[in-house]
Amino acid sequence: MRMSKLLMPTLREVPAEAEITSHKLMLRAGLIRKLAAGIYSYLPLGLRSLKKVEQIVREEMDRAGAQELLMAALLPAEAYQASGRWEVFGPSMFKLKDRGERDFCLGPTHEEIFTQTVIDNVRSYKEYPMTLYQIQTKYRDEGRPRFGLMRGREFIMKDAYSFDLDEKGLDESYKKMYEAYCRIFTRLGLDFTVVDADSGAMGGSGSQEFMVKSPVGEDGIAYCDDCGYAANYEKCECIPAECEQIEGDLELEKIETPNAHTIDELVSSLGMAAHNFAKTIIYKADDKYIAAMVRGDRDVNEVKLKNLVGCTDDLELAEPAVVRELTRAQVGFAGPIGLDIPVYADKEVALMKNFVVGANVTDMHYKNVNIGRDFEPDTIADIRVVVTGDKCPKCGGTIKSEQGIEVGHIFKLGTKYSEALGLKYLDESGKQQTVIMGCYGIGVTRCLAAAVEQLHDDNGIIWPVSIAPYQAIVVPANYKSEEQMAAAEKLYEELNAAGIETLIDDRSERAGVKFKDADLIGIPVRVVVGKKVGDGIVEYKERTMEKAEEIKLDEAAEKVIEFVKANL
Ligand code: 9G3
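Residues numbered from 1 in each chain as written. Predicted model: local features only at pLDDT ≥ 70, side-chain atom pairs only at ≥ 80, totals over all residues. Heavy atoms only, no water.

Undergrad: Explain empty space enclosed by the protein residue by residue, including any values.
TA: Summed over all chains, the structure comprises two cavities of 30 Å³ or more. What the largest cavity holds in volume is close to 70 Å³. Lining the largest cavity are Phe147, Met150, Arg151, Val216, Gly217, Glu218, Asp219, Ile405, Glu406 and Arg446. In terms of residue class, the lining of the largest cavity is made up of four nonpolar, one polar and five charged. Roughly 30 Å³ of internal volume is contained in the second largest cavity. Looking at the second largest cavity, the residues that line it are Asp519, Ile523, Arg526, Lys541, Glu542 and Arg543. Looking at the lining of the second largest cavity residue by residue, the classes come out as one nonpolar, no polar and five charged. (1 Å grid on protein atoms, 1.4 Å probe; cavity = no way out; pocket = protein on both sides within 12 Å on 5 of 7 lines; lining within 4 Å. Points joined across faces, edges and corners; volume = space filled by probe spheres on them. Nonpolar A, V, L, I, M, F, W, Y, C, P; charged D, E, K, R; others polar.)

Structure below.
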């Protein structure tokens, strides 16, 4: 492709809303453009890489024996009403009415649609096991779309659904998908890890997430190098950690703590350690209020708390006005004593002695608080976020934690949808059975952003050959030199003829601009045709090489072809 013709609107500066590197680089390199919050257009370079990601997913799904379908994205409400999910997803589901006032939605996920398709079209138990998949646009009205393609309101997902006669069959289908996922993320050039995950609203007997390690990942990964245990924060069981307590049978005491709203202010004003305090945080769970308590140096894991409380809508912090009403105090002085809403205390709180809590009076706290004597939580459970240094729940080793981007999530669903929608079969003895399902998602557009997030440097994107928009670029250094342009054209033709997807930077720009753009858009290998071309010498540089190296012009094509073939 000639860059003089390519729509590649590079930018020097990007909007401030682009916070993470991949979002910045994809805008600067002219890969995507934002249409609205969480909604993006793909320009030529972005679309070429996106199509390659899709093709790798497709090849591996087909290799695993899955069959590709394409479902509608504009879906009648009935299917979701039958599964009870029409209401469950609340504002996240894009709903609309047709001209006949009938209810529709833009599909956020397709368990119901695939299940109905099997109900309508599979006749005999002999047709199972069957895994069906699609690569299709999904719609979810995220409250906080951000980070470019990382969390969009319109995004491309590969979603697959397996249908088996029994649990054993599901285990086999699941395993095939697991192995296909490992091949996919390896071919995408992603450094990923698989973690046990919470199944949340999906139900079923377990799930695993494929995480791309990155400090900007929204998900937490807890792992143990000793035994290989790996779980996301929501799934990771936290072992209560012992820490020094204030001993003695001390009297409960109300103390003045003027303007000490936070643990840090309390620590400095009372000269005690953060782990001698217990935080009381008030949440709204569906239509009721609850209090969660964790040690002062811990954080509440809101997914664990949500699963424990069993609320269907999102769990969210109570509004300050509500906190003031429930505690009759300013925010920052909430405590369990005299609070008439359910109190969920983390296991570590149950080990604390003579600790400090808010007194439900502005500028006042209690000290020497003890569970049993001074208050009794309604529930004691693991509701905290795991931290590096925690004990491994599997082997007692040391847990490490880091952030990750969730690019895949696979579930053993069981019969949740087949039961709800009536997907049955008559077994060989004529007895009616329920089909056992699994579902398997990959965030295809998210993979593109995750690759850029993991593979870049100060000069721009570093695409793996497998998903680079073009595999090679030929750069004539001086566009005014007939000799250089001619030699560049010849090499360009040669590479294209050899099946190498090649760009030629034939623009009337300075060499420096061309080099910068080649790095910015992350083309894996570059050949510069400069002054020495008269002596049969050109410059060869792979995107990951520090310096370019001089090679013979008549060996250049071969070297590029070899590099591309070796890295595909
Ligand atoms: C919705 C809305 C948002 C959603 C869902 C449904 C997440 C929803 C979970 C999944 C599970 C699996 C198939 C492929 C693998 C993942 N957010 N989930 O079901 F209506 Cl608005 O999507 N789906």
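What follows continues from the structure just given.
Undergrad: Provide a residue-level description of the sheet that holds strand 4 (residues 74-76), including the pertinent values.
TA: In space, the three strands of this open sheet follow the order 4-6-5, with antiparallel pairing throughout. Bordering the open sheet on either side are strand 4 and strand 5 (95-97), each of which pairs with just one other strand. With strand direction ignored, the average angle separating the axes of adjacent strands in the sheet is 40°. (Pairing = 2+ DSSP bridges. Helix = DSSP H or I, 4+ residues; strand = E, 2+ residues; numbered from the N terminus. Axes fitted to C-alpha atoms, helices over the stretch in contact; angles between N-to-C directions.)

Undergrad: Account for the packing of helix 1 (residues 21-28) against helix 11 (residues 444-454), with residues named and values stated.
TA: Running from N to C, helix 1 and helix 11 point in directions that differ by 100°, and their axes come no closer than 8 Å. It follows that helix 1 is roughly perpendicular to helix 11 by the angle criterion. Seen from helix 1, the contacting residues are Thr21, Ser22, Leu25 and Met26; seen from helix 11, they are Leu448, Ala449, Val452 and Glu453. Residues that form the contact of helix 1 with helix 11 fall into these classes: five nonpolar, two polar and one charged. (Parallel < 35°, antiparallel > 145°, perpendicular 65-115°, else oblique. Contact = heavy atoms within 4.5 Å.)

Undergrad: Residue-level account of the state of the cysteines, with values.
TA: A complete count under the given rule lists zero disulfides for this structure. Its sulfur unpaired, cysteine 182 is 13 Å from the next cysteine sulfur, which belongs to cysteine 447. Cysteine 227 takes part in no disulfide bond, and the closest cysteine sulfur to it belongs to cysteine 392, at a distance of 3.6 Å. (Disulfide = S-S within 2.5 Å.)

Undergrad: Residues and numbers for the nonpolar core, please.
TA: Among the nonpolar cores identified, the biggest contains 66 residues, and Phe185, Leu188 and Trp463 are the most heavily contacted of them. Mapping this core onto the domain boundaries places at least three of its residues in each of domain 1 (21-236 + 401-452) and domain 3 (470-567). Contacts of leucine 188, omitting those with residues within four sequence positions, involve Val53, Ile56, Cys447, Pro464, Ser466 and Ile467. Ile113, Tyr128, Tyr161 and Tyr425 belong to the second-largest nonpolar core, a separate cluster that totals 26 residues. (Core = buried A, V, L, I, M, F, W, Y, C linked by side-chain atoms within 4.5 Å. Buried < 20%, exposed > 50% of the residue type's maximum accessible area, 1.4 Å probe, protein only. Domains from an automatic or database assignment.)

Undergrad: Give a detailed account of the packing of aromatic side chains, specifying residues and quantitative values.
TA: Across all of its chains, the model carries ten aromatic pairs by this definition. Considering the side-chain rings of tyrosine 174 and tyrosine 440, the 6.1 Å spacing of their centres and the 55° angle between planes classify their relative orientation as tilted. Of this pair, tyrosine 174 sits in helix 6 (residues 167-187) while tyrosine 440 is found in strand 24 (residues 436-443), placing the two residues 266 residues apart along the sequence. Across the pair, exposure class does not vary: tyrosine 174 and tyrosine 440 are buried alike. In this structure an aromatic cluster arises from ring pairing among Tyr178, Tyr181, Phe185, Phe192 and Phe210. The cationic tip of arginine 146 hangs over the ring face of phenylalanine 147; the distance from NZ or CZ to the ring centre is 4.3 Å. The aromatic ring of tyrosine 223 is capped on one face by lysine 213, whose charged end is 5.4 Å from the ring centroid. (Phe/Tyr/Trp six-rings, centres within 6.5 Å; stacked < 30°, edge-to-face > 60°. Lys NZ or Arg CZ within 6 Å of the ring centre and 35° of its normal.)

Undergrad: Provide a residue-level description of the site of the ligand, including the pertinent values.
TA: Neighbouring the ligand are 16 residues, the closest being Arg85, Pro108, Thr109, Glu111 and Arg140. Within the side chain of threonine 109, an N or O atom sits 2.7 Å from a nitrogen atom of the ligand. In this structure, a nitrogen atom belonging to the ligand sits 2.7 Å away from a side-chain N or O atom of glutamate 111. Looking at the shell around the ligand, its residues break down into nine nonpolar, three polar and four charged. (Near = heavy atom within 4 Å. Polar contact = N/O pair within 3.5 Å; in protein donor to acceptor, adjacent residues only side chain to side chain.)

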